[in-house]
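# Residue-level structure breakdown
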Amino acid sequence: MAKIGFIGLGNMGLPMALNLLKAGHTVKGADLSAARMADLEAAGGAAAGSATDAASGVDAVVTMLPSGREVAMLYLGDGGLLAAADKGTLFIDSSTIDVETARKVADAAAAAGQKMVDAPVSGGVGGAQAGTLTFMVGGPDADFAAAKPLLDVMGKTIVHAGGAGNGQAAKICNNMLLGISMIGVCEAFVLAEKLGLDHQKLFDISSTASGQCWSLTTYCPVPGPVPTSPANRDYQAGFAAAMMLKDLKLSQDAASHAGAATPLGAAASQAYGLFVGAGNGGVDFSGIIRFLRGAQQDA
Ligand code: NAD
């Protein structure tokens, strides 16, 4: 069993840390919130005095932080986690952050004699609680092999996407595609409404024709055709529009940095920016169909 430091005990991090505890590992946690650390202690974990304390004297450190800013701030520099940890400590950063920062931190980890993978997730809070997350992992083969047994405790599907930063690259490419495809499906339903074509008829045809995609067949943005989709519960998230916007912005930062043309990714980012700016950040991302109709009502 491993000694693990866990930094960032938020909506995702706390249930992930609890699964590591349940599997018999020792977990020392750190968070800005005392209440979150108390929750970890109540489940048999230990509260660290600071993030650097959580990273000291352990075999592995998992971080689940809001953005690249916090990751760079905590990992780098003389007083950072990479310097404070014992040599050869395994770092797993599961936060969703920009590729550039992920690669910068990975380089610093290698220079400090630490092992490191970036391992962002999909599956949301439900997946974190159930231990069924998908991990998209970037880093050297040996570091992936070292991280895999711990990732197996917190997730169900673990994919090695290549070298450092490739986990983040996979996550933002997938979510850019998802944002674009959701808007495309919503536009098709909005046009169908104007043309007098029934939702169910369009679904029956497109779900077995060339317009078929996950946003239509699993996460249909109108109520009815897919009873489990958020459209059937007034667009309660699910996957919140603010989270989609965060990932689309990351995709556009990466596209700009890498010189990739992503005109539809840019348009999707703008559309979700308007939707979230109008007060819909907590609404499921499929709720953008209401915005595309130009009114806050269901058809
Ligand atoms: P959250 O805001 O609930 O949790 C982040 C935690 O980090 C907070 O508890 C905060 O106090 C802590 N924190 C921030 N700065 C810190 C510091 N300097 N030292 C110690 N603790 C610090 O966010 P979340 O929903 O758990 O998401 C975490 C990451 O996972 C994000 O990058 C997010 O994009 C990604 N993600 C979230 C979901 C989701 O459904 N919530 C899904 C996939 C990916």
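Predicted model only: the values in this text are computed from it and were never measured. (Residues numbered from 1 in each chain as written. Predicted model: local features only at pLDDT ≥ 70, side-chain atom pairs only at ≥ 80, totals over all residues. Heavy atoms only, no water.)

So, about the packing of helix α9 (residues 166-195) against helix α12 (residues 241-258). Across the interface, α9 lies against α12 with an axial gap of 9 Å and an inter-helix angle of 115°. Both α9 and α12 take part in a crossing whose hand is left-handed. Facing α9, whose interface residues are Lys171, Ile172, Asn175, Met176, Leu178 and Gly179, α12 presents Met244, Asp247, Leu248, Leu250, Ser251, Gln252 and Ala254. Of the residues that constitute the contact of α9 with α12, the class distribution is 7 nonpolar, 4 polar and 2 charged. (Axes fitted to C-alpha atoms, helices over the stretch in contact; angles between N-to-C directions. Helix = DSSP H or I, 4+ residues; strand = E, 2+ residues; numbered from the N terminus. Left-handed = near helix turned anticlockwise from the far one by under 90°. Contact = heavy atoms within 4.5 Å. Nonpolar A, V, L, I, M, F, W, Y, C, P; charged D, E, K, R; others polar.)

Let us now look at the environment of Asp59. Mapping Asp59 onto the fold places it in the loop between α3 (51-54) and β4 (60-63). Linking Asp59 and Leu90, residues 31 residues apart in sequence, is a C-alpha distance of 6.4 Å. A distance of 2.7 Å separates the side chain of Asp59 from the backbone nitrogen of Lys3, its partner in a polar contact. (Polar contact = N/O pair within 3.5 Å; in protein donor to acceptor, adjacent residues only side chain to side chain.)

Next up on the list: the layout of surface pockets. In this structure, the largest pocket occupies an estimated 1,200 Å³ of space. Taken together, 40 residues line the largest pocket, and the ones lying closest to its centre are Met12, Met64, Thr96, Val121 and Met243. For the lining of the largest pocket, the secondary-structure elements that each account for two or more residues are α4 (68-75), β7 (121-122), α7 (124-130), α9 and α12. No other element matches α9, which puts 6 residues into the lining of the largest pocket. Taken together, the residues of the lining of the largest pocket sort by class into 20 nonpolar, 15 polar and 5 charged. Built from parts of two domains, the lining of the largest pocket gets at least three residues from each of domain 1 (3-163) and domain 2 (169-292). Here the second largest pocket is characterised by a volume of approximately 310 Å³. Contributing to the lining of the second largest pocket are 17 residues, with Val99, Ile172, Ala254, Ala255 and Ala258 lying nearest its centre. Only α6 (99-111), α9 and α12 provide two or more residues apiece to the lining of the second largest pocket. The element best represented in the lining of the second largest pocket is α12, accounting for 7 residues. Partitioning the lining of the second largest pocket into residue classes produces 10 nonpolar, 3 polar and 4 charged. When residues are assigned to domains, the lining of the second largest pocket turns out to be shared by domain 1 (3-163) and domain 2 (169-292), each giving three or more. (1 Å grid on protein atoms, 1.4 Å probe; cavity = no way out; pocket = protein on both sides within 12 Å on 5 of 7 lines; lining within 4 Å. Points joined across faces, edges and corners; volume = space filled by probe spheres on them. Domains from an automatic or database assignment.)

The next thing to look at is the site of the ligand. The immediate surroundings of the ligand are formed by 22 residues, with Asn11, Met12, Asp31, Leu65 and Lys246 found nearest. Here an oxygen atom of the ligand and a backbone polar atom of Met12 are 2.9 Å apart. Between an oxygen atom of the ligand and a main-chain N or O atom of Pro66, the distance comes to 3.1 Å. Here the ligand has 840 Å² of accessible area as a free molecule, and 83% of this is covered by the chains. Of the pockets mapped on this structure, the ligand occupies the largest pocket. Elements supplying a minimum of two residues to the shell around the ligand: α4, α7 and α12. Shared between two domains, the shell around the ligand holds at least three residues of each, these being domain 1 (3-163) and domain 2 (169-292). (Near = heavy atom within 4 Å. Areas by Shrake-Rupley, 256 points an atom, 1.4 Å probe, with all protein chains shown as cover. Sits in = over half its atoms within 2 Å of the grid points.)

At a minimum axis distance of 8 Å, the contact between helix α1 (residues 13-22) and helix α8 (residues 141-154) shows a crossing angle of 110°. In terms of axis orientation, α1 runs roughly perpendicular to α8. Contacts between α1 and α8 pair Met16, Asn19 and Leu20 from the former with Leu150, Val153 and Met154 from the latter. The residue makeup of the contact of α1 with α8, split by class, is 5 nonpolar, 1 polar and no charged. (Parallel < 35°, antiparallel > 145°, perpendicular 65-115°, else oblique.)

Quick look at empty space enclosed by the protein now. Over the atoms, a rolled probe matching the size of one water molecule traces out where space is still vacant. By the definition in use, this model includes 1 cavity of 30 Å³ or more. Along its surface, the largest cavity is lined by Val71, Asp93, Ile97, Ala102, Val105, Ala106, Met116, Val117, Asp118, Gly138 and Ala164. Elements with a contribution of two residues or more to the lining of the largest cavity: α6 and β6 (115-118). Counted by class, the lining of the largest cavity contains 8 nonpolar, 1 polar and 2 charged residues.

Moving on, we get to the pairing of strand β5 (residues 90-93). Both faces of β5 are covered, namely the face carrying Leu90 and Ile92 and the face carrying Phe91 and Asp93. Here 4 bridges tie β4 to β5, and the two strands are oriented parallel to one another. Bridging from a neighbouring strand, Val61 pairs with Phe91 of β5. Across 4 bridges, β5 lies against β6 in parallel orientation. From the neighbouring strand, Ile92 faces β6, where its bridge partner is Val117. (Buried < 20%, exposed > 50% of the residue type's maximum accessible area, 1.4 Å probe, protein only. Pairing = 2+ DSSP bridges.)

Let's shift gears to the side chain of Thr101. Its location among the elements puts Thr101 in helix α6. Among the polar contacts listed, one links the side chain of Thr101 to the side chain of Asp98, at a separation of 2.6 Å. The contacts of Thr101, once residues within four sequence positions are left out, are Gly68 and Ala72.

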